[in-house]
Amino acid sequence: MLAPRGKLVYLETFGCQMNELDSELVTSQLSALGYRFTPDADEAGVILYNTCSVREQAEQKVWSRLGLLKSRKSRQPDLLLGVLGCMAERDGRDLLRKFPHVDLLCGPGELDKLPLLLRNASTTAEPAVALQGNTSRRSATLAAAEDSLERLDLSRSFSPGDQRAGGRSAYVRITRGCNKFCTYCVVPFTRGAEMHRPPDTIVEECRMLVEQGVVEITLLGQTVNHYRFEHDAAVTVDGVTQPQKGRSFTGGHDRDPLGGGRVTTFADLLRRLHDEVPDLRRLRFVTSYPRDFGDDVLEAIRECPRICRYIHVPVQSGSNRILEAMNRGYTVEEYRDFIERIRACLPGAMIASDVIVGFPGETEEDFEATVELMRWARFKNCFVFKYSPRPGTPAYDRLPDDVPDEVKRRRNNALLAVQGAISQEIHAAHIDRTVEVFVEGMSTVQARREPALASEPPHPRGAIGLTLNGRSLHGVEAEEDDCGSACATAAEFVPESDANLVQLSGRTEGDLITVFQAPRARAQALIGSIVPVRIEEARTLTLKGVLAE
Ligand code: 5AD
Ligand code: SF4
């Protein structure tokens, strides 16, 4: 049955995995209330953008969408237009001044209030607004009284088929917000203080997802390794244990002395999930922070075979001077020491990183130090971003954006060339090896050829990490995604034109994208399973192989 137009929603998501998860939770919450979703904005009565503020480019896309909707809104006044997520929180009422036809603003910490906002927006002429402001940082107590957002995470209903990898892959949030205040970053202002969800709740959520057929879970947090839940300070409201304000353990890579008892550390959580959800085939986590990543976490990964040996740990710069200006809280030497600890404990682990070029004051010498670090670290991939000044951040207020754009672009491309060569070598080392691939769906090329077949848009989540700024590298075309990281759109191997075969795409344990051909009749059954693939060819961004069953 068709939903009334006022309940037909078009939701578009920009940005990171945290936003993808928020959109999934919003979808599930609104579906339970009778809203239906459409991929066609033209037929929707409600248009929602779940937005990202990390770089200006991501915001520009939303500004242009909003601008285009102005005339439609004047023709169709009952159309509801809402901005969710980080842009709503960052821009707040200024956004309403610029775009008075927007009916609703909802920050990422207020998404549980969306149904109420939609109702208010449809009945009153005033915009409906729910923003956190900075209230989330005011409470000095360890446990914030009642954390209503927790209910949104708890309420998830999972409908296989309309999710990633045919419902076999899921995100689970373990922390929200961030306390690190890197000087370039808006996240501490848009997502608020770091909050850690209770471990029992996380285990229960994962168990439920696996019972519903999920094969792979990715734990999400801005600084996931700083997860820490103090049981003595737990607060329960209406029978629900509340998330807790983060009090990270700052003991370098020593063990937290309270871990395993009064405190659940990140290592404890990983072990619990591994042992208490035995049917979970793959457990991943993003994103790690280079400081205070304990040996206990590395040991948990080593001893638990179903935890993937893949660590995404952004370095941001190879220059101590710039790291200090960024307020990153570690030196290049400490970062190198961490990489060495990973390699010693987890041979063969894949490491990925993020780098910002053109941070205020970055000299050629600073940049060369980043090149050197990248050559040394041999990341499997590295997202490279041009510094984007963000209003409200300490760098925006204090440091002039003094590296010219063409210098940023040159440095960006130089790093991509260095990383491209390393990625190519890492991929090539897999030729003639058989790897286990978690099949996510049709490959990008296949999905473009046959959009009706694709279970998700022809734009795989978080695809490979080379930021190309719309340029071509190694004969590969790529485009920046909403997060500013890169997705290669034509990076995959072109499949043979054989009507009986389709090209599928998946990932190895180490997060290497792998494509292979499979009989068309088996394709749907393979999506969401883990299969052995013998690698025959390697490119900078992708491996290609054959099913080795
Ligand atoms: N400019 C450019 N890149 C940024 N990032 C975060 N803030 C900015 C900014 N203002 C990058 C960092 C981070 C990734 C998610 O985005 O590299 O790790
Ligand atoms: Fe932003 Fe730094 Fe927090 Fe990452 S750790 S979200 S870069 S402030």
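None of these values were measured; they are calculated from a predicted model.

Conventions adopted
Residues numbered from 1 in each chain as written. Chains lettered and ligands numbered in written order. Predicted model: local features only at pLDDT ≥ 70, side-chain atom pairs only at ≥ 80, totals over all residues. Heavy atoms only, no water. Helix = DSSP H or I, 4+ residues; strand = E, 2+ residues; numbered from the N terminus. Buried < 20%, exposed > 50% of the residue type's maximum accessible area, 1.4 Å probe, protein only. Contact = heavy atoms within 4.5 Å. Areas by Shrake-Rupley, 256 points an atom, 1.4 Å probe, with all protein chains shown as cover. Core = buried A, V, L, I, M, F, W, Y, C linked by side-chain atoms within 4.5 Å. Right-handed = clockwise from strand over helix to strand, strands pointing away. Pairing = 2+ DSSP bridges. Near = heavy atom within 4 Å. Nonpolar A, V, L, I, M, F, W, Y, C, P; charged D, E, K, R; others polar. Polar contact = N/O pair within 3.5 Å; in protein donor to acceptor, adjacent residues only side chain to side chain. Phe/Tyr/Trp six-rings, centres within 6.5 Å; stacked < 30°, edge-to-face > 60°. Axes fitted to C-alpha atoms, helices over the stretch in contact; angles between N-to-C directions. Expected span 1.5 Å × (residues − 1). pLDDT = per-residue confidence, 0-100. Salt bridge = Lys/Arg side-chain N within 4 Å of Asp/Glu carboxyl O.

Our focus in this paragraph is the overall build of the chain. On a plain count of helices and strands, the chain comes out with 16 helices and 27 strands. Relative to its full complement of 549 residues, the chain shows a buried share of 58%. In the chain, once contacts between residues fewer than 6 apart in sequence are set aside, the share between residues at least 24 apart is 74%. Of the roughly 21700 Å² that the chain leaves accessible, carbon and sulfur atoms contribute 51%.

This paragraph deals with the nonpolar core. Within the largest apolar cluster, 117 residues are counted, with the highest numbers of intra-cluster contacts made by I217, L219, F285 and L504. In this view, L219 contacts V172, I174, V224, F266, L270, L273, L283, R284, F285 and V286; residues no more than four positions away in its chain are not counted. Membership of the second largest hydrophobic core comes to 20 residues, among which are L81, M87, L96 and L105.

What follows covers the pairing of strand β4 (residues 80-85). Counting buried positions along β4 yields 6 of 6 residues, so the element is predominantly enclosed. The β-α-β motif built from strand β3 (residues 46-51), the intervening helix α2 (residues 56-75) and the parallel element β4 has right-handed crossover chirality. Sheet topology note: the β4/strand β5 (residues 104-106) ladder contains 3 bridges and is parallel. The residue of β5 that forms the bridge with V83 is L105.

Residues in close proximity to ligand 2 include C178, K180, F181, C182, Y184, C185, V187, P188, Q222, T223, Y289 and R328, which together make up its full environment. Residue classes in the shell around ligand 2 are distributed as 8 nonpolar, 2 polar and 2 charged.

Within the structure, ligand 1 sits among V54, R55, Y184, Q316, D354, I356, F385, K386, Y387, S388 and R390. One nitrogen or oxygen atom from the side chain of R55 is found 2.9 Å from an oxygen atom belonging to ligand 1. Contact with the protein chains covers 87% of the free accessible surface of ligand 1, which is 400 Å². Among the secondary structure elements, those contributing two or more residues to the shell around ligand 1 are β18 (350-357) and β19 (381-386). Of the residues belonging to the shell around ligand 1, the class tally is 5 nonpolar, 2 polar and 4 charged.

Right, let's get into the side chain of S169. Structurally, the position occupied by S169 is in strand β7 (residues 169-173). Among the polar contacts listed, one links the side chain of S169 to the side chain of E216, at a separation of 3.0 Å.

Okay, the packing of aromatic side chains next. Per the stated rule, a full pass over the model turns up 10 aromatic pairs. Ring centres of Y330 and Y335 lie 6.2 Å apart, and the angle between their planes is 35°; on these two criteria the pair is classed as tilted. Of the two residues examined, Y330 and Y335, each falls in the buried class. Note on F383 and F385: the rings are 6.4 Å apart at their centroids and 10° apart in plane angle, and the pair reads as stacked.

Right, let's talk about the sheet that holds strand β24 (residues 501-507) for a bit. Spatially, the 5 strands close up into a barrel ordered β20-β24-β25-β27-β26, and their pairing is mixed. The average angle at which neighbouring strand axes cross in this sheet is 50°, direction not considered. Pairing of strand β26 (residues 530-538) with strand β27 (residues 543-547) involves 5 bridges; the strand directions are antiparallel. Of the residues in β27, the one forming a bridge with A538 is L543.

With that out of the way, let us pick up helix α7 (residues 199-211). With 13 residues, α7 should reach 18 Å at 1.5 Å per residue; the first-to-last C-alpha distance of 18 Å fits that figure. Here α7 has its buried residues at P199, T201, I202, V203, E205, C206, L209 and V210. Of the residues trailing α7, G213 is marked for its positive phi of about 105°.

To continue, consider the environment of L149. Tracing the backbone shows L149 in helix α5 (residues 149-154). The buried category is assigned to L149, whose relative accessible area is 8%. Along the primary structure L149 and P243 are separated by 94 residues, whereas in three dimensions their C-alpha atoms are 9.5 Å apart. Excluding residues within four positions of it along the chain, L149 makes contact with P108, G109, L111, D112 and R176.

Once that is clear, we can look at the confidence of the model for the chain. Per-residue pLDDT for the chain averages 88, and the proportion of residues at 70 or more is 88%. Confidence drops under a pLDDT of 50 for residues 455-490, and excluding neighbours within four residues, the segment shows 107 contacts in the predicted structure.

The next thing to look at is the pattern of salt bridges. Considering all chains together, one arrives at 44 salt bridges under this definition. Note that R336 and E372 form a salt bridge whose closest N and O atoms lie 3.7 Å from each other. With R336 in helix α11 (residues 332-345) and E372 in helix α12 (residues 364-377), this pair connects stretches of sequence that are 36 residues apart. When the shortest N-O distance is used, the salt bridge between K408 and D401 registers 2.9 Å.

Moving on, we get to the environment of Q524. Looking at where Q524 falls in the secondary structure, it is placed in helix α16 (residues 520-526). Exposure remark for Q524: the relative accessible area of 47% places this residue in the partly exposed category. As a C-alpha pair, Q524 and L504 span 20 residues in sequence and 9.7 Å in three-dimensional space.

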